[in-house]
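Observations on the model geometry
Each chain is listed here by its residues.
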Amino acid sequence: MSYKETVLLCIMIMAVVLAVSSVVSLVISIVKIRTINGTVKELFGGIGITPQEFFEIRNFGSGSNQHDLAGVYILHNSTKDMDYVG
């Protein structure tokens, strides 16, 4: 095998390894997202409120938009089937 053939073979092997690692990384990301979405739906699947109800609860007792509760909000947009964390 000549030097050029060896270099070409090495480049081809590196390209295959890079492609496989990219696919594996993508699959892992998809599995993580689906796991998180499943957990969110398990925890909050039965609770549904409108955006207006959410802001009324958040602003309860203050009477203004200045009041903010400490914590993490996980919101699910059921029309787009997307989750938001804030």
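The sections below set out a description of the structure shown in this document. (Residues numbered from 1 in each chain as written. Predicted model: local features only at pLDDT ≥ 70, side-chain atom pairs only at ≥ 80, totals over all residues. Heavy atoms only, no water.)

On a plain count of helices and strands, the protein comes out with two helices and two strands. Of the regular secondary structure in the protein, the N- to C-terminal order runs α-α-β-β. (Helix = DSSP H or I, 4+ residues; strand = E, 2+ residues; numbered from the N terminus.)

Moving on to unusual backbone geometry. Most peptide bonds take the trans form, and the phi angle of most residues other than glycine is negative. The phi torsion at Asp81 lies on the positive side, around 50°, for a residue other than glycine. Following the sequence through the fold, Asp81 ends up in the loop between β1 (74–77) and β2 (82–85).

What follows covers the pairing of β2. Sheet topology places β1 next to β2; four bridges connect them, and they run antiparallel. Considered in β2, the bridge of Asn77 is made with Met82. (Pairing = 2+ DSSP bridges.)

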